[in-house]
Amino acid sequence: MSGTPSGARRARPSSRSRRRGWERRLAPLSPFGGSNRRRGAGRLSIASNRLPVTLECGQDGEWRTSSASGGLVTAMDPVLRSRKGSWTGWVGAPDAGQEVLSRALARTPDRPPYSLQAVPLTAQEEDLFYRGFANEVLWPLFHGFPDRWNPEPRYWEAYRAVNRRFARSLASTADWDDLIWVHDYHLMLTGKELRALGSDHRLAFFLHIPFPPLHLLERMPWAGELVEALCHFDLLGFQTRGSQSNYLDAARAFVPGAFSHGLAHGDPILQGRAIRTGAFPISIDSTEFSAAAHGPVVEAMEREIRRSLGNQMLILGVDRLDYSKGIPEKLRGFDLALERSPELRGSVLLKQLVVPSRDQIPAYRKTKDEIEVLVRSINQRWGTDAWQPVEYLYASWSRSELLAHYRAADVALVTPLNDGMNLVAKEYAVANQGSGVIILSAFAGAAAEFGFEALLVDPSEPDSVAVAILSAFQMPMRERRARMARAGTTVRIQDVHGWVRDFLAEGMLAG
Ligand code: ADQ
């Protein structure tokens, strides 16, 4: 697939109108920041580390695509489907570039209806940039696990090189009036690299994970460069106000003079240019999700799950393998609930799906081992011939299977230790729509929206999780239904399309 599904890349406008673009760029600062660069409706040009498809080479030597999973893809795929545009990213296989991707896509009947641009990474870059800097430095530090990080200087060099490559790819494929929207912690230098290449595009950035407080960020030798690089975007979006305010603290600390002109809303200014920041809690495509959850295939699967449960209450956990998702802590809470409340024994089943992720990183393998030891110990301690309390699956479910489980589950146990948002809670709220209960970590971004609908817990306290499990078990049907109806409404009122509209409107970046 080429960079432009609808034909060649649009040429820049004539020198006269181009001059107008520069004049706009140099126009006096407006209190609305990004308006410096406001233009007509270009396409949306998205960049993220991974594309929404992954390439794998089969035994026959042919490359094939499969859908990539994860929160970013769940959120952004419907956005591009409805708005058109392009997505730039890595295909998940070493050295594979545009040619391989185009060949594989040509054989894929249900390929995305938007353009895909592959940025190749070597095996060494995969190691140093992706596994190294992104997932052994930024991920643990930004999620508040400084004891798990591994700040090797060579990781940083690879991070810079890959961000530069992304910038080159975007600069060479984006139309002059495209809005370039970069996603997540892998690509925080891309805005600065684009500006260094002379890009005058409208540039936006959204961070899907939490932005850490200054006392954590300061531990990183490259913090100042990262924070300053982010100032080259016109609009910076965060999941929560907490993250936004942490970023502003960091800009104050690391970017000299960033606030010298002091605008009313407290956003920074870099080299005379105002940068807009905001909190935009991400969501899901609730209409599409709800429709998919009520199809005949999903309903049949749900009946089958319910039949196999008999009278047991189903508690569902769905998490990517990640220490930030708090899976061992959840299991300890469940163990304590069984110890304290004999009425739960034989009456509940915790079905925990762990979706494989980053399992070549030692910290992830350790988490997997810890989960498996805990599952065995809980089942040995409480299980009988007729009942096993935990069903653990290290697998990837199809979308129908996932939706059927959301529908069948009486409780969703969503207890990350720290999470940018957590879409599983939102998906459950829309798909279940019956009498389900959401037990939710107070440290997930979603807690700000589900404060009254969910049972909020401190995930690192087994006692807190155990109390919530018993409360959910005993909760009267009327209360369950009322809470769930409100949770569904909360997600529907602000779904992912509203999120995009708000994001673009806030930065005045919409065409
Ligand atoms: P994640 O941590 O990857 O993303 P999370 O919000 O936990 O995302 O959602 C996981 C997603 O994966 C869900 O959309 C779920 O449906 C999907 N999924 C689960 N099992 C699957 C399977 N077997 N196959 C395919 N998909 C599956 C990051 C941040 C989050 C933030 C999101 C979005 O860490 O905090 O909510 O981005 O911004």
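For clarity, every value in this text was computed on a predicted model and none was experimentally measured.

Student: I tried to follow the packing of helix 11 (residues 296–309) against helix 14 (residues 399–408) on my own but got confused; where do I start?
Tutor: Contact pair helix 11 / helix 14: the axes reach a minimum separation of 8 Å and the direction vectors enclose 55°. Put simply, helix 11 runs oblique to helix 14. Considering how the two elements wind past one another, helix 11 and helix 14 form a crossing that is right-handed. Along the contact surface, helix 11 presents Val 297, Val 298, Glu 299, Met 301, Glu 302, Ile 305 and Arg 306, while helix 14 presents Ser 400, Glu 401, Leu 403, Ala 404, His 405, Arg 407 and Ala 408. Of the residues belonging to the contact of helix 11 with helix 14, the class tally is seven nonpolar, two polar and five charged.

Student: Just checking my understanding: could you explain the site of the ligand for this structure?
Tutor: As a structural note, the neighbourhood of the ligand is formed by 22 residues, with His 208, Lys 325, Asp 419, Leu 423 and Glu 427 the closest of them. Between Met 421 and the ligand, the recorded distance is 2.8 Å, taken from a backbone N or O atom to an oxygen atom. Here the ligand has 730 Å² of accessible area as a free molecule, and 89% of this is covered by the chains. Where the shell around the ligand is concerned, the elements lending two or more residues are helix 2 (71–83), strand 12 (313–320) and helix 15 (423–432). For the shell around the ligand, the element with the most residues is helix 2, which contributes three residues.

Student: Just checking my understanding: could you explain the nonpolar core for this structure?
Tutor: Generally speaking, nonpolar side chains in soluble globular proteins are found buried as a group. Formed by 95 residues in total, the largest nonpolar core has its most connected members in Phe 211, Met 220 and Tyr 247. Per-element accounting of this core gives the leading share, ten residues, to helix 4 (residues 123–142). Both domains that furnish three or more residues to this core are identified here as domain 1 (15–283 + 498–507) and domain 2 (286–493). When near neighbours in sequence (up to four residues on either side) are disregarded, Phe 211 contacts Phe 142, Leu 217, Val 227, Leu 230, Phe 238, Ser 243, Asn 246, Tyr 247 and Ala 250.

Student: Help me understand the sheet that holds strand 7 (residues 202–206) in this model?
Tutor: The strands making up a sheet are joined through hydrogen bonds of the backbone, oriented either antiparallel or parallel. Ordered in space as 5-4-1-6-7-8-11, the seven strands form an open sheet in which the pairing is parallel. At either margin of the open sheet sits one strand with a lone partner, and together these are strand 5 (115–118) and strand 11 (276–279). Strand-to-strand, the axes of this sheet are offset by a mean angle of 20°, without reference to chain direction. By the bridge criterion, four bridges tie strand 8 (residues 235–238) to strand 11 in an arrangement that is parallel. Opposite Leu 235, over in strand 11, you have Arg 276 as the bridge partner. Running over the sheet, helix 5 (residues 153–173) touches strand 1 (44–50), strand 4 (85–90), strand 5 and strand 6 (179–183) and is turned about 155° from strand 4. Sheet strands touched by helix 9 (residues 241–254): strand 8 and strand 11. Its angle to strand 11, the strand with the most contacts, is close to 150°.

Criteria and cut-off values
- Per chain, residues are indexed from 1 in the order of the written sequence.
- With the structure being a predicted model, the display of local features is reserved for residues of pLDDT at least 70 and the display and counting of side-chain atom pairs for 80 or more, all residues being used for whole-chain, interface and lining totals.
- The basis for every side-chain value is the complete set of heavy atoms in the structure, and neither hydrogens nor water enter the calculation.
- Axis lines are fitted to C-alpha atoms, over the contacting stretch for helices. Their N-to-C directions set the angle, which ranges from 0 to 180 degrees.
- Each helix corresponds to a stretch of at least 4 residues labelled H or I by DSSP, and each strand to a stretch of at least 2 residues labelled E; elements are numbered beginning at the N terminus.
- With respect to orientation, any angle under 35 degrees is reported as roughly parallel, any angle over 145 as roughly antiparallel, any angle of 65 to 115 as roughly perpendicular, and every other angle as oblique.
- Should the near helix be turned counterclockwise from the far one by less than a right angle, the crossing is left-handed, whereas a clockwise turn marks it as right-handed.
- Contact definition: two residues touch when any of their heavy atoms are within 4.5 Å.
- Note that Gly is not counted as nonpolar here; it falls among the polar residues with everything else outside the nonpolar set of Ala, Val, Leu, Ile, Met, Phe, Trp, Tyr, Cys and Pro and the charged set of Asp, Glu, Lys and Arg.
- When at least one non-hydrogen atom of a residue lies within 4 Å of a molecule or strand, that residue is treated as near it.
- By the criterion applied in these results, polar contacts are pairs of N or O atoms within 3.5 Å in which, for protein atoms, one can donate a hydrogen and the other can accept it, and in which residues neighboring in sequence qualify only through two side-chain atoms.
- Areas reported as accessible are Shrake-Rupley estimates using a 1.4 Å probe. Residue values count occlusion only from the protein chains shown.
- Note on terminology: a nonpolar core comprises buried Ala, Val, Leu, Ile, Met, Phe, Trp, Tyr and Cys residues joined through side-chain atoms within 4.5 Å.
- With a 1.4 Å probe rolled over the protein chains alone, any residue whose accessible area is under 20% of its type maximum counts as buried; one over 50% counts as exposed, and the rest are partly exposed.
- Residue ranges for the domains trace back to a domain assignment, done automatically or taken from a database.
- Two strands pair under a simple rule: DSSP has to find at least two bridges between them.

Keep in mind that these numbers describe shape and distance, not what the molecule does.
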